[in-house]
Structure formats: C-alpha cells, structure tokens
Amino acid sequence: MRLHAAQLSVICVALTVCVAAAPPQKHRAIKRVAPRVAKKANPPALQCGDYVGFQVLLDRQGFSTGEIDGRPGGNLSRALAAMQNARKMAATSQPDCETWHALGGDHADATVTTYTITADDLKGPFEKTIPRELPKQAELPALGYRSPLEMIGERFHASPALLQKMNPGIAVAEGREIKVPAVKPFDPNAKPATDPAASDVTIQVSRDESALRATRGDGTVVFWAPVTTGSEHDPLPPGDWKVDGVQWHPVFHYNPKLFWDAKPADVRADIKAGPNNPVGVVWIDLSKEHYGLHGTPEPGNVGHTESHGCVRLTNWDAARVAALVKPGTPVLFR
C-alpha cells in the first residue's frame, strides 16, 4: 500500500518511527502525557562547559540529544558516545574536557542567546487542553501547541522546564527578552529544504541504542538522533527497507483494531494535523507496509518510553531526517 497525499494510517504510539497504512488504515497513536515541570536538584558542575552547552554544541554538529533539558541522562550519554566514535575518540559517553574541546566549546559561539517574544508568539490559536483519548482528540479543530511556552520551547529544542529555569520569574509576554538555547530555530510551518547530503545517505535505526543515524556511503555520520522504537507488543521489525515518500503535516487516521490497548467502544477517527498530532509534523513512509519515521507531540519522552511499533523522533529531528531522505533512500532496522 502507499500513502495518499492527505491520508495516513499509523500503528504507533510513543515512537519516532511508526507503522503506517494507507487509507483506510491503521493508526497506533502516542499516549499523551501532561508536560512535567517538576523541580529537580541541580546536577553537579562540570569541569569544562555545562550541560546546556554540551547539548547545544552536539545539536549544532548533527548529534541531537533530543529535547535540551540542561541535565545528564541517557540521550546525552548516547549522543556523546556517537560523537566520540565519529571523531575517533575514546567513547566515554561522558561530558569531559576532551570532548568539550573536540566540540570547540572554548571558541564556539555562545550556546545561550536571547529571544524577544512577539505578538505572533502569543496569538495562537492554542489548544490548552488536549485529551489523552484519541477519539476525543479527533473532535479538536487542530492539534496545535498548548501554550506559547510549549511553542517557544520546541522552536529552540528545549523543554519548557529548562526555559523556566533559564528565565526565573519572567512572564511570557510581548516584548520580553528571554534566554534560550542557541540552536537553529525550528518552524513547524516551514517544510525543510532538501539537504545536499541527501544524495548519498542511508538511515539506520537501532533498537538497542534507541537511536537513528544517517550515514554517507563512506560511513561518515551526517546526523544522529535519539528515537523511541517499539515495545513488547509491537517490536521493531528488523530488515532492510527504503523511503517511499514524505508527507508534511499528516492527518492521523486512528483505527482501534491496530491498538492492543484500545477501548472496546473506540471507533475510527481522523485527528487533524499539527505539532501535537500523534505523529507530529512529518511522516516518512517506508516500503515496509504500515511503517514510517515520524515526529511526536511529547519530545521529552523520546528515547525514554515505548511505542506501539513506531519509530518516533522529536519534531525538529524528524524534520531534519525528512530533509535528508528521498524516495529510494535505504532505511535499515536493526
């Protein structure tokens, strides 16, 4: 089967790579979790640089840590190891001084910058309450951001909790200047241009590593990102596939027959497009029937939770992958 322009069916729940079917297909959706902003103890200071600095520099150099949160964790450790291996360094997985210097931390542009909130950032429309139940999500006019804070966080690849920590006591209001990670801003409404590296790229998704890497024919890593990949009920199927197409702002076609945890009363439903759509802002269709790579409404869960058989990335990382692939690009599940 093939996806039609405005139709998409997925078998995925908390992933970055998802299983999709053509109309009238199957959708495995992502379980929505309310954004967490609970206070945590500050991590110990680093000898060289800081956690935000490491995450920003890795992001700039093609080794995404997913959502930047200014804290140690599995996604940061795996991104560090990927970068260290790519640079022929000892793979310590640690934010040590040698790695800081290899990233150019002492001479790089500042890893934190300022952003002035505009009237457009506040006008929405926002969906303040997005229900967890997929049939109820289908009743919404769109799956937009829930708040200006969530939108600005995604723009700068950051968790809302980190923005609040970086800007204590500052209200989100027009004209306010706030501190944000200094990364390339993500715009969910701008379809990414094709990356020049797309002519010679292979995508590999590793279940054990919870990661996706894009490599050239000579093995050079073009891009690395954390992903969520399947579960006990819907494991990632190993095999060699290829990209069939890319759909921007997909509609999610929920089919309860494809979800082992669907409620008996659930019926088929179409969920509108938007960054909080169950598959995020982009769907990369694969030759493996019902499977694809896609975004997510919960970037903080990528690399940490299970899914309903899909492979899920943050929206900004999924957009980056979409710019690197084209019909025929090899995609390997391992």
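Scroll up to find the structure.
Parameters and conventions
- Every chain's residues receive numbers from 1 upward, in the order its sequence appears when written.
- Local features are withheld for residues below a pLDDT of 70 in this predicted model, meaning they are given only at 70 or higher, and side-chain atom pairs are given and counted only at 80 or more; totals for whole chains, interfaces and linings count all residues.
- As a rule here, side-chain values cover all heavy atoms of the structure and leave hydrogens and water aside.
- Definition used in this section: a nonpolar core is a set of buried Ala, Val, Leu, Ile, Met, Phe, Trp, Tyr and Cys residues joined via side-chain atoms within 4.5 Å.
- Each residue's exposure class comes from its accessible area (1.4 Å probe, protein chains only) as a fraction of the maximum for that residue type: buried when under 20%, exposed when over 50%, partly exposed otherwise.
- Each helix is a run of H or I in the DSSP string that is no shorter than four residues. Each strand is a run of E no shorter than two, and both are numbered from the N terminus.
- Working definition: a disulfide is two cysteine sulfur atoms within 2.5 Å of each other.
- For helices, the fitted line uses only the C-alpha atoms of the stretch in contact; every axis is such a line through C-alpha atoms, and the angle between N-to-C directions lies from 0 to 180 degrees.
- Put simply, angles under 35 degrees are roughly parallel, angles over 145 are roughly antiparallel, angles from 65 to 115 are roughly perpendicular, and the rest are oblique.
- Left-handed describes a crossing whose near helix is turned anticlockwise from the far helix by less than a right angle; the clockwise case is right-handed.
- Residues count as neighbours in contact if any of their non-hydrogen atoms are within 4.5 Å of one another.
- Polar here means any residue outside two lists: the nonpolar Ala, Val, Leu, Ile, Met, Phe, Trp, Tyr, Cys and Pro, and the charged Asp, Glu, Lys and Arg; Gly therefore counts as polar.
- The rule is short: rings of Phe, Tyr and Trp, with Trp giving its six-membered ring, pair when the centres are within 6.5 Å, and they are stacked under 30 degrees, edge-to-face over 60, tilted in between.
- Every case where a carboxyl oxygen of Asp or Glu lies within 4 Å of a side-chain nitrogen of Lys or Arg is listed as a salt bridge.

1. Thoughts on the nonpolar core
Part 1 of the reasoning: Counting residues in hydrophobic clusters, the biggest one holds 33 residues, and the most contacted among them are Ile203, Val205, Leu212, Leu293, Val321 and Phe333.
Part 2 of the reasoning: Where this core is concerned, the elements lending two or more residues are β6 (202–206), β7 (211–215), β8 (221–226), β10 (239–248), β13 (282–286), α8 (315–324) and β16 (330–333).
Part 3 of the reasoning: Counting residues in each nonpolar core, the second largest holds 18 residues, with Phe54, Ala79, Leu103 and Trp224 among its members.

2. Details of the state of the cysteines
Part 1 of the reasoning: Under the definition given, this model contains one disulfide.
Part 2 of the reasoning: Note on cysteine connectivity: Cys48 is disulfide-linked to Cys97, with sulfurs 1.9 Å apart. Taking the torsion about the sulfur-sulfur bond, which here is approximately 90°, the covalent link between Cys48 and Cys97 counts as right-handed. Residue Cys48 is located in the loop between β3 (20–21) and α1 (51–60), and its partner Cys97 is located in helix α3 (residues 97–102); the two are separated by 49 residues in the primary sequence. No difference in accessibility class separates Cys48 from Cys97, as the two residues are buried.

3. Some points on the packing of α1 against helix α2 (residues 74–86)
Part 1 of the reasoning: Orientation of α1 relative to α2, taken along the N-to-C sense of each, is 50°, at an axis distance of 11 Å. By the angle between their directions, the pair α1 and α2 is classed as oblique. Here α1 runs over α2; the crossing is left-handed. Taking contact as the criterion, the partners of Tyr51, Phe54, Gln55 and Leu58 in α1 are, on α2, Leu76, Ala79, Leu80 and Met83.
Part 2 of the reasoning: Of the residues that constitute the contact of α1 with α2, the class distribution is seven nonpolar, one polar and no charged.

4. Some details on the packing of aromatic side chains
A ring pair, where both rings are aromatic, is described by two values, the distance of the centres and the angle of the planes.
Part 1 of the reasoning: Counting across every chain of the model gives three aromatic pairs.
Part 2 of the reasoning: Here Tyr291 and Phe333 contribute two aromatic rings whose centre-to-centre distance is 6.3 Å and whose plane-to-plane angle is 65°, an arrangement assigned as edge-to-face. Highlighted residues: Tyr291 in the loop between β13 and β14 (292–294) and Phe333 in strand β16, separated in sequence by 42 residues. The same class applies to Tyr291 and to Phe333, which are both buried.

5. A closer look at the pattern of salt bridges
Part 1 of the reasoning: Counted by the stated rule, this structure contains six salt bridges.
Part 2 of the reasoning: Residue Arg146 is joined to Glu298 by a salt bridge in which the shortest nitrogen-to-oxygen separation is 3.8 Å. With a gap of 152 residues between them, Arg146 in the loop between α5 (134–137) and α6 (148–155) and Glu298 in the loop between β14 and β15 (311–312) connect regions that are remote in the sequence. Residue Arg146 shares its accessibility class with Glu298, and that shared class is buried.
Part 3 of the reasoning: Taking the shortest distance from any N to any O, the salt bridge between Glu209 and Arg213 comes out at 2.7 Å.
Part 4 of the reasoning: Here the salt bridges share partners, and the residues they tie into one network are Arg146, Glu150 and Glu298.

As far as function goes, none of this settles anything; it's purely spatial.
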